[in-house]
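# Examining the three-dimensional arrangement
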Amino acid sequence: MTLRVDWSRFGALVTSEAAVAALLLSLRTAAMSTVLCLVFGVPMALALARSRFPGQRLVRAVVLLPLVLPPVVGGIALLSTFGRRGLLGETFEVLGIQIAFSTTAVVLAQTFVALPFLVLSVEATLRASGARFEAVAATLGATPGTVFRRVTLPLVLPGLVAGAVLAFARALGEFGATLTFAGSLQGVTRTLPLEIYLQRETDADAAVALALLLVAVALIVMVATHRPRGLS
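For clarity, every value in this text was computed on a predicted model and none was experimentally measured.

Conventions we followed
Residues numbered from 1 in each chain as written. Predicted model: local features only at pLDDT ≥ 70, side-chain atom pairs only at ≥ 80, totals over all residues. Heavy atoms only, no water. Helix = DSSP H or I, 4+ residues; strand = E, 2+ residues; numbered from the N terminus. Buried < 20%, exposed > 50% of the residue type's maximum accessible area, 1.4 Å probe, protein only. Contact = heavy atoms within 4.5 Å. Lys, Arg positive; Asp, Glu negative; His and termini not counted. Charge placed at Lys NZ, Arg CZ, Asp CG, Glu CD. UniProt positions renumbered as here; feature names shortened; annotations may be inferred. Axes fitted to C-alpha atoms, helices over the stretch in contact; angles between N-to-C directions. Parallel < 35°, antiparallel > 145°, perpendicular 65-115°, else oblique. Nonpolar A, V, L, I, M, F, W, Y, C, P; charged D, E, K, R; others polar. pLDDT = per-residue confidence, 0-100. Phe/Tyr/Trp six-rings, centres within 6.5 Å; stacked < 30°, edge-to-face > 60°. Expected span 1.5 Å × (residues − 1). Bend = angle between axes of the 7 residues up to and from the residue. Core = buried A, V, L, I, M, F, W, Y, C linked by side-chain atoms within 4.5 Å.

The next subject is the overall build of the protein. Assigned secondary structure in the protein consists of 11 helices and 0 strands. Order of helices (α) and strands (β) in the protein, N terminus to C terminus: α-α-α-α-α-α-α-α-α-α-α. Principal axes of the C-alpha set define a box for the protein whose edges measure 65 × 50 × 25 Å. When burial is assessed residue by residue, the protein has 39% of its 232 residues classed as buried. Residue pairs in contact within the protein that sit at least 24 positions apart in sequence constitute 73% of those at least 6 positions apart. Taken as two groups, the 18 positive and 11 negative side-chain charges of the protein have centres that lie 16 Å from each other.

According to UniProt, the feature "transmembrane region" (unreviewed entry) maps to residues 20-46, 58-79, 99-122, 151-172 and 206-225 in the numbering used here. Note that residues 20-46 is 100% helix and 0% strand, and that its end C-alpha atoms are spaced 38 Å apart. Structurally, residues 99-122 is divided into 83% helix and 0% strand, and its ends, taken at the C-alpha atoms, are 29 Å apart.

For the pair helix α2 (residues 17-50) and helix α10 (residues 192-202), the least separation of the axes is 8 Å and the interaxial angle reads 150°. The angle between α2 and α10 falls in the class roughly antiparallel. Where α2 approaches α10, its residues Ala18, Ala19, Ala22, Leu23 and Ser26 are matched on the opposing element by Leu192, Pro193 and Glu195. Grouping the constituent residues of the contact of α2 with α10 by class yields 6 nonpolar, 1 polar and 1 charged.

The next point concerns the confidence of the model for the protein. Summary statistics for the protein give a mean pLDDT of 87 and a share of 96% for residues scoring 70 or more. Per-element confidence in the protein is highest for helix α9 (residues 176-182), whose mean pLDDT is 94, and lowest for helix α7 (residues 132-139), whose mean pLDDT is 77.

With that out of the way, let us pick up unusual backbone geometry. Even without being a glycine, Phe101 presents a positive backbone phi close to 60°. Considering the arrangement of structural elements, one finds Phe101 in the loop between α5 (89-94) and α6 (103-129).

Moving on, we get to the environment of Val147. Positionally, Val147 belongs in helix α8 (residues 144-172). Between the alpha carbons of Val147 and Trp7 there is a distance of 54 Å; along the sequence they are 140 residues apart. Those residues in contact with Val147, other than ones at most four positions away along the chain, are Glu134, Ala137, Ala138, Ala142 and Thr152.

All right, on to the packing of aromatic side chains then. Enumeration according to the criterion identifies 4 aromatic pairs in this entry. Residues Trp7 and Phe10 carry aromatic rings whose centres are separated by 5.1 Å and whose planes lie at 40° to one another, so their mutual orientation is tilted. For Trp7, a relative accessible area of 49% corresponds to the partly exposed category. Both rings, one in Phe175 and one in Tyr197, keep their centres 5.3 Å apart while their planes meet at 50°; by these two values the pair is tilted. Here Tyr197 lies in helix α10 and Phe175 lies in the loop between α8 and α9, a separation of 22 residues in the sequence. Put simply, the rings of Phe82, Phe92 and Phe181 touch in pairs and so form one group of aromatic residues.

Next up on the list: α2. Relative to the 50 Å expected for 34 residues at 1.5 Å per residue, α2 spans 48 Å between its end C-alpha atoms, a close match to the ideal helical length. Along α2, the helix axis deviates most sharply at Gly41, where the bend reaches about 30°; the proline Pro43 sits within four residues downstream.

Time to look at the nonpolar core. Membership of the largest hydrophobic core comes to 36 residues, with the highest contact counts inside it found for Leu118, Val122 and Ile196. For this core, the secondary structure elements donating two or more residues are α1 (10-14), α2, α3 (56-64), α6, α8, α10 and α11 (204-225). Discounting residues that sit within four places of it in the chain, Leu118 has contacts with Cys37, Leu38, Gly41, Val42, Gly163, Ala164 and Ala167. One finds Leu78, Val106, Ala109 and Val113 within the second-largest nonpolar core, a separate group that totals 11 residues.

The following block contains the structure:
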């Protein structure tokens, strides 16, 4: 890809109106989806790592299912749920709320595919840290809220940060579920991966330049989240 980039036009290609609009939309929606992953993913990880309940293995499998499902299947599932004729879509339509083929749909699609990355990271950190410090704090009279803020959160913070960065990166590169559930409307649902796909049909140089930009982002994320053993 590096060899195929037209470096003389690279700046113009990645700063065109369509490219900038797609990049800004991707960054904004990826940030929003990361927040949703934190809101829903942290309780899920806590439940999976610290609790024992019937059907736990099934629940964990469902939470992690987007990791192995083709993204387009996730898009179809979201469309069947929130589309105009979906399970919940008709109710939202009556209330005057349209989710499918909107920016909200982009955020939901990104959250769907990115959530398992945060759950896995936080759950692994919780299991590695154990529950002994939380148990000691509880025996000393700390409330569950205090235990979470003063003990659990500091212990899980490295995994939480790593999971959030990975979730953000996955959301930034989401394509299949977004195209199926949100469509491709410039400035509304056309994220950078969709813009790359469209440019591939009309301007191969622009597609390669934008693809290289996403590769650079992925490399930055990998470097930022990798911490060699023995280093603090």
